[in-house]
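Examining the three-dimensional arrangement
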Amino acid sequence: MEKKNAWLGYDETELQALKELNEEYKHYISVGKTERRAVAEAVRLAEEAGYVDLETLIASNTAVKTGDKIYAVGMKKTLALFTIGEEPLEKGMNILGAHVDSPRMDVKQVPLYEDHEFAYLDTHYYGGIKKYQWVTIPLALYGVIVKKDGTVIDVEIGDKDEDPILGITDLLIHLSADQMQKKASVVIEGEDLNLMIGSKPLDGEEKDAVKAQMLKFFKEEYGIEEDDFLSAELEVVPAGKARDFGLDRSMVAGYGQDDRVCAFTSLKGLLDAGVCKRTSVCLLTDKEEVGSIGATGAQSMFFENTVAEIMNLMGIDSNIAVRRCLKNCRMLSSDVGAAFDPNFASVNESKNTAYFGYGVLFMKFTGRGGKSGSNDANAEYLADVRRIMDDNGVRFQTAELGRVDQGGGGTIAYISAKYGMEVLDAGVPVLSMHAPWEICSKSDIYEAKKAYTAFLKEA
Ligand code: MN
Ligand code: MN
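Residues numbered from 1 in each chain as written. Chains lettered and ligands numbered in written order. Predicted model: local features only at pLDDT ≥ 70, side-chain atom pairs only at ≥ 80, totals over all residues. Heavy atoms only, no water.

**Points about the pattern of salt bridges**
- Tallied over the full model, the rule gives 37 salt bridges.
- Each of Glu23, Lys26, Asp244, Arg249 and Lys442 takes part in salt bridges that share partners, so that together they form one network. (Salt bridge = Lys/Arg side-chain N within 4 Å of Asp/Glu carboxyl O.)

Below, the structure is given as structure tokens:
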């Protein structure tokens, strides 16, 4: 049971591969700060690697065969990639799943207002956040504004060197006597996450002149009127690129590593695996942080429908064949896990805790209380995954999410498991999970990618 820190086992070649992967990774999470952008960048990488859009194949009724590389996008927010293997699809596929949405603040539908000659956008946070962490930090604004004529306007402010940043203020310590007595959950309240965007009044305007100035800006910059915010999806996220963390550069700090660290490593795992015996899949879902709901969440029919379409192009127009395919799948449902933090050691139980530098993390179950809401992977399946990891020199560790009854969390594992397929929670340990800047170990990222490639080849 004795484990060794993965950093101690690398030769020069592996260290170089580790470094290259992490450079690519930092770029991916820096340009993919929303689910739309994370999907778009994944599609770009996939197309570069020869993957073609399923819609094109359907339109031309092109037959699908072994070796084909296909991707399908759902509403620009969820993505499934397939490398068709040698075995018939009915025998099942090897699936890597992860999610591309991250905690953030969404701009409300009626957001713009002026208060004492400041202009603000009102927000509603998305996913689980400690609200006090999101004030006094540089913020960026990403998303789309869609006009009634269907024009989609892309918004991206705060990450280019020449861009302004946005932000939310906090009370000065000098006058915080009352605030400092409050519970952490209400120090900053949800309704007070007001994004400050301007302070300059428009000349000649008598009432709400700062708001008027902002409306003029939106008109000139994006060609929109105030009511166009009604059909917009604007996400407020931390500004700035992902960076090396630590004097030894052994870690990565960046926004949205939950769960784009698993999305990226799963995607890379798929691209590197080539054509395998079984069909390989990488499934990137949306809405995990709010319950995997909606048309782009893991609970939607998107994946099942996509599989049916692909089988149809293989000449298999059979409902039972689709069900057999899904039942016979094996999946690593990958999401970040809580890494041991010596500053908060008491929330963990040391034998069943994830540590930085000890490799990809497997969790037999997640959930809270008595494992409530979790998928509980079968021992037989875990044994096989262990075998694959050991045979391929992948460093792995196992853990639970904290001490019993300390809290908990869920993933998309239980959703895919409904088909009767084998599913195991896997992932990368993260520090400061759900904070504006999260931290991962470069070696765990590297081992996760190795694990995913090995799984696709041999599961
Ligand atoms: Mn997650
Ligand atoms: Mn999360």
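**What to know about the domain arrangement of the protein**
- Assigned domains of the protein: these are domain 1 (6-102 + 255-458) and domain 2 (104-238).
- Just the C-alpha atoms count here: the centres of domain 1 and domain 2 sit 33 Å apart.
- Counting residues at the interface gives 19 residues for domain 1 and 18 residues for domain 2.
- Roughly 1,500 Å² of surface becomes buried between domain 1 and domain 2 when both sides are summed, with 50% attributable to carbon and sulfur atoms.
- Contact with domain 2 buries surface across domain 1, with Lys33, Arg37 and Pro436 losing the most and accounting together for 35% of the total.
- Between glutamate 233 and lysine 77 there is a salt bridge whose closest N-O contact spans 3.1 Å.
- Applying the counting rule to domain 1 against domain 2 returns nine residue pairs in polar contact (both at pLDDT 80 or more). (Domains from an automatic or database assignment. Contact = heavy atoms within 4.5 Å. Buried area = accessible area lost by both parts, 1.4 Å probe. Polar contact = N/O pair within 3.5 Å; in protein donor to acceptor, adjacent residues only side chain to side chain.)

**Remarks on the coordination of the manganese ion (ligand 1)**
- Taken together, His99 (NE2), Asp258 (OD), Asp335 (OD) and Asp335 (OD) make up the full set of protein donors to the manganese ion (ligand 1), lying 2.1 to 2.5 Å away.
- Mapped onto the sequence, the residues coordinating the manganese ion (ligand 1) show the spacing H-x158-D-x76-D.
- For the pair the manganese ion (ligand 1) and the manganese ion (ligand 2), the metal-to-metal distance amounts to 3.2 Å, and aspartate 258 bridges them. Remark: aspartate 335 occurs in the loop between strand 14 (330-334) and strand 15 (337-338) and aspartate 258 occurs in helix 6 (residues 257-273); sequence separation between them is 77 residues.
- According to the relative accessible area criterion, aspartate 258 is buried, its value standing at 3%. (Donors = N, O, S within 2.8 Å, 3.2 Å for Na, K, Ca; no water. Helix = DSSP H or I, 4+ residues; strand = E, 2+ residues; numbered from the N terminus. Buried < 20%, exposed > 50% of the residue type's maximum accessible area, 1.4 Å probe, protein only.)

**A closer look at the side chain of aspartate 444**
- Considering the arrangement of structural elements, one finds aspartate 444 in helix 11 (residues 442-458).
- Buried charge aspartate 444 goes without a salt bridge, the closest partner of opposite sign being arginine 395 at 9.1 Å.
- When near neighbours in sequence (up to four residues on either side) are disregarded, aspartate 444 contacts Tyr355, Phe356, Gly357, Tyr358, Gly359, Gln397, Val428 and Pro429. (Lys, Arg positive; Asp, Glu negative; His and termini not counted.)

**With respect to the nonpolar core**
- Core analysis: the biggest nonpolar cluster contains 58 residues, and Leu81, Leu332 and Phe362 have the highest contact counts within it.
- In terms of residues, this core owes the most to one element, helix 11, which gives eight residues.
- If sequence neighbours within four positions are ignored, phenylalanine 362 has contacts with Leu332, Val385, Met389, Phe396, Gln397, Thr398, Ala399, Leu424, Asp425 and Ala426.
- Core analysis: the next-biggest nonpolar cluster, separate from the first, contains 33 residues, Val135, Ile145, Phe218 and Val237 among them. (Core = buried A, V, L, I, M, F, W, Y, C linked by side-chain atoms within 4.5 Å.)

**Some points on a nonpolar patch on the surface**
- Together, Leu171, Leu172 and Leu175 make up an exposed nonpolar region whose accessible area comes to about 290 Å².
- Among the structural elements, leucine 175 can be located in the loop between strand 8 (152-157) and helix 4 (184-187). (Patch = residues over 30% accessible without salt bridge, like charges linked within 9 Å, V, L, I, M, F, W, Y side chains within 5 Å. Areas by Shrake-Rupley, 256 points an atom, 1.4 Å probe, with all protein chains shown as cover.)

**What to know about the side chain of serine 441**
- One can find serine 441 in strand 22 (residues 438-441).
- The exposure class of serine 441 is buried, given its relative accessible area of 2%.

**Considerations on the sheet that holds strand 15**
- Within the open sheet, the five strands sit side by side as 11-12-22-21-15. Their pairing is mixed. On the outer flanks of this sheet lie strand 11 (243-245) and strand 15, each paired with one strand and no other.
- Relative to strand 22, strand 12 (residues 251-254) runs antiparallel, the two being bridged by four bridges. Bridge assignment links valine 252 to a residue of strand 22, and that residue is cysteine 440.
- Each of strand 12 and strand 22 is contacted by helix 6, which is oriented at about 35° to strand 22, the strand it contacts most.
- Along the sheet, helix 11 makes contact with strand 11, strand 12, strand 21 (429-431) and strand 22, crossing strand 22 at roughly 65°. (Pairing = 2+ DSSP bridges. Axes fitted to C-alpha atoms, helices over the stretch in contact; angles between N-to-C directions.)

**Topic: the sheet that holds strand 7 (residues 139-146)**
- Read across the open sheet, the six strands follow the order 8-7-10-5-6-9; overall the sheet is antiparallel. What marks the edges here is a single partner per strand, and that holds for strand 8 and strand 9 (194-198). Shown here is a sheet whose adjacent strand axes are inclined to one another by a mean of 30°, direction ignored.
- With four bridges joining them, strand 6 (residues 118-126) and strand 9 adopt antiparallel strand pairing. Pairing of tyrosine 120 across the sheet is with methionine 196, part of strand 9.

**Details of unusual backbone geometry**
- Here the residue pair aspartate 258 and aspartate 259 is connected by a cis peptide bond, since its omega of 10° sits within 30 degrees of zero.
- With respect to the helices, strands and loops of the structure, aspartate 259 is situated in helix 6.
- With a phi close to 65°, lysine 76 is a non-glycine residue in the positive phi region.
- Looking at where lysine 76 falls in the secondary structure, it is placed in the loop between strand 2 (69-74) and strand 3 (78-83).
- Even without a glycine there, the phi angle at histidine 434 is positive, about 70°.
- Tracing the backbone shows histidine 434 in the loop between strand 21 and strand 22.

**Structural notes on the pairing of strand 6**
- Where strand 5 (residues 104-115) and strand 6 come together, eight bridges link them in antiparallel fashion. What sits directly across from valine 107, in strand 6, is threonine 123.
- The hairpin turn running from strand 5 into strand 6, its antiparallel successor, is two residues long, and histidine 116 in that turn takes a positive phi close to 50°.

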